[in-house]
Amino acid sequence: MSEEVKLLGINGSPASRRVEWALRIKGVEYELIEEDLQNKSPLLLQSNPVHKKIPVLLHNGKPIAESLVIVEYIDETFDGPSILPKDPYDRADARFWAKFLDEKCLPAVWKALWSKGEEQEKDKEEAYEVLKVLDNELKDKKYFGGEKIGFVDIAANFVGFWVGIVEEATGVVLVTSEKFPHFCTWREEYLNCSQVKENMPNREMLLGYFKGRVLAAAAPK
């Protein structure tokens, strides 16, 4: 049976890239349908009526939403290398860290990168707390799952790739090897891994986008 796989997403979105990465690991051919978030397509609104956001995977016409849910679906549905560990305890542990990244780490780090003045110091401290937890988890590990890239590393693409770009655009530095040595060692391994390089958008394009956001935020209202 031929499989029809479409992804409603955006080239520069960490959430979309997670799904593309999973599809590529499994060797699944797919069509990326680029969405305009200022003018969402009827297909997106129909496919994800609850959240009305990307990414959405359409597998033989059936929609699946939420990036990590989609990655798990891809892992269970298609042949190829495993993304999640086989052992139930290790799987639960991987889900825990992916959830921590999305619910605790990403919001705290994003807020610290964009806040100003007195708020920024408080926000930075909150970001440091969650980054310290990640740093500790990566002690004595090459990747989150051990020796090879897996589910948590896919979930961590924002902190692995995007954070450095936003730091450069905003001039706010959160991650240093003095503060987070294990995290920085992981990030270097991660960014030099061929699988990662093949699955990230153009760095200069993203840097230009975030610099534009910085200028727009600084412009007199």
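All residue numbers here refer to positions counted from 1 along the written sequence of the relevant chain. Given that this is a predicted model, residues contribute local features only at a pLDDT of at least 70 and side-chain atom pairs are listed and counted only at 80 or more, while totals for whole chains, interfaces and linings are drawn from all residues. With hydrogens and water excluded, all non-hydrogen atoms of the structure serve as input to the side-chain values.

The protein chain appears in an unreviewed UniProt entry as Probable glutathione S-transferase from Nicotiana tabacum. In its Catalytic activity (unreviewed entry) section, the UniProt record describing the protein chain reads: "RX + glutathione = an S-substituted glutathione + a halide anion + H(+)". Note on the protein chain: under the UniProt heading Sequence similarities (unreviewed entry), the record states "Belongs to the GST superfamily. HSP26 family." UniProt positions are given in the numbering used here, feature names are shortened, and annotations may be inferred rather than shown by experiment.

### Considering the overall build of the protein chain
Only DSSP runs of H or I with at least four residues qualify as helices, and only runs of E with at least two residues qualify as strands; both kinds are numbered from the N terminus onward. Per the secondary structure count, the protein chain includes ten helices and four strands. Each helix and strand of the protein chain, ordered N terminal to C terminal, gives the series β-α-β-α-β-β-α-α-α-α-α-α-α-α. Taking 17 Å as the expected radius of gyration for a compact globule of 221 residues, we find that the protein chain reaches 18 Å, a close match to that expectation. Residues are treated as being in contact if the distance between any of their heavy atoms lies within 4.5 Å. Taking as baseline every contact in the protein chain between residues at least 6 positions apart, the subset at least 24 positions apart corresponds to 70%. Computed with a 1.4 Å probe, the accessible areas rest on the Shrake-Rupley method; for each residue, only the protein chains presented here act as cover. A total of about 11,800 Å² of accessible surface is found on the protein chain, and carbon and sulfur atoms cover 53% of it. Positive charges are assigned to Lys and Arg, negative charges to Asp and Glu, while His and the chain termini are left out of the count. To locate a charge, the coordinates of NZ of Lys, CZ of Arg, CG of Asp or CD of Glu are taken. Averaged over its 30 positive side-chain charges, the protein chain has a centre that lies 3 Å from the centre of its 37 negative ones. Throughout, radius of gyration means the C-alpha value; the globule benchmark is 2.2 Å times the number of residues raised to the power 0.38.

### Looking at the sheet that holds strand E1 (residues 5–9)
When DSSP finds two or more bridges between two strands, those strands count as paired. Read from one edge of the open sheet, four strands run E2-E1-E3-E4, paired in mixed fashion. Whereas interior strands pair on both sides, the edge strands pair on one side only; in this sheet they are strand E2 (31–34) and strand E4 (62–65). Neighbour-to-neighbour, the strand axes of the sheet open up by a mean angle of 25°, direction not taken into account. To obtain an axis, a line is fitted to C-alpha atoms, over the contacting stretch when the element is a helix, and the angle between two such axes runs from 0 to 180 degrees between their N-to-C directions. Running over the sheet, helix H1 (residues 14–26) touches E1, E2 and strand E3 (56–59) and is turned about 160° from E1.

### Structural notes on the nonpolar core
Remark: nonpolar core denotes a set of buried residues (Ala, Val, Leu, Ile, Met, Phe, Trp, Tyr, Cys) joined through side-chain atoms within 4.5 Å. Exposure is judged per residue with a 1.4 Å probe applied to protein chains only, and the accessible area is read against the type maximum: over 50% gives exposed, under 20% gives buried, and values in between give partly exposed. Of all hydrophobic cores here, the largest spans 64 residues; its most connected members are Cys105, Val109, Leu134, Val159, Leu174 and Trp186. Considering each element in turn, this core owes the most residues, eleven residues, to helix H4 (residues 88–114). With residues near it in sequence (within four places) discarded, tryptophan 186 still touches Leu138, Lys142, Tyr143, Phe144, Asp153, Ala156, Val159 and Gly160. Of all hydrophobic cores here, the second largest spans five residues; its members include Leu8, Ile54, Val56 and Leu58.

### Topic: helix H5 (residues 117–137)
Helix span, expected: 1.5 Å multiplied by one less than the number of residues in the helix. Its 21 residues give H5 an end-to-end C-alpha distance of 31 Å, which sits within 8% of 30 Å, the value for a rise of 1.5 Å per residue. Inspection of H5 places Gln120, Asp123, Lys124, Ala127, Tyr128, Val130, Leu131, Leu134, Asp135 and Glu137 among the buried residues, and these make up the whole buried set.

### Some words on the UniProt feature "domain: GST N-terminal" (unreviewed entry) in the protein chain
Here, UniProt's "domain: GST N-terminal" (unreviewed entry) annotation points to residues 3–82. End-to-end, the C-alpha atoms of residues 3–82 are 19 Å apart, and along that stretch the chain is 38% helix and 21% strand.

### Some details on the packing of H4 against H5
Between two packed helices, the angle of one axis relative to the other and the distance separating the axes together describe the packing. Where H4 contacts H5, the axes come no closer than 8 Å and their chain directions differ by 155°. Judged on the interaxial angle alone, H5 and H4 are roughly antiparallel. In this structure, H4 meets H5 at a crossing whose hand is left-handed. Of H5, the residues touching H4 (which contributes Asp93, Trp97, Phe100, Leu101, Lys104, Cys105, Ala108, Val109, Lys111 and Ala112) are Gln120, Asp123, Lys124, Glu126, Ala127, Val130, Leu131, Val133, Leu134 and Glu137. We call two directions roughly parallel when the angle between them is under 35 degrees, roughly antiparallel when it is over 145, roughly perpendicular when it lies between 65 and 115, and oblique otherwise. It is the rotation of the near helix from the far one that decides the hand of a crossing: anticlockwise by less than a right angle makes it left-handed, clockwise makes it right-handed.

### Brief notes about unusual backbone geometry
The step from isoleucine 54 to proline 55 runs through a cis peptide bond, and the omega angle for that step is -5°. Along the polypeptide, proline 55 turns up in the loop between helix H2 (42–47) and E3. In this model, glutamate 66 sits at a positive phi of 75°, which is unusual for a non-glycine residue. Within the secondary structure layout, glutamate 66 lies in the loop between E4 and helix H3 (67–77). Judged by its relative accessible area of 30%, glutamate 66 is partly exposed.

### A word on the side chain of serine 115
Tracing the chain through its elements places serine 115 in the loop between H4 and H5. Judged by its relative accessible area of 12%, serine 115 is buried. In protein, a polar contact means a hydrogen-donor-capable atom and an acceptor-capable atom, both N or O and within 3.5 Å, with residues adjacent in sequence counting only if both atoms are side-chain atoms; elsewhere, any N or O pair within 3.5 Å suffices. Here the side chain of serine 115 touches aspartate 123 through a polar contact of 3.1 Å, side chain to side chain. The residues touching serine 115, leaving out its near neighbours within four places in the chain, are Gln120 and Asp123.

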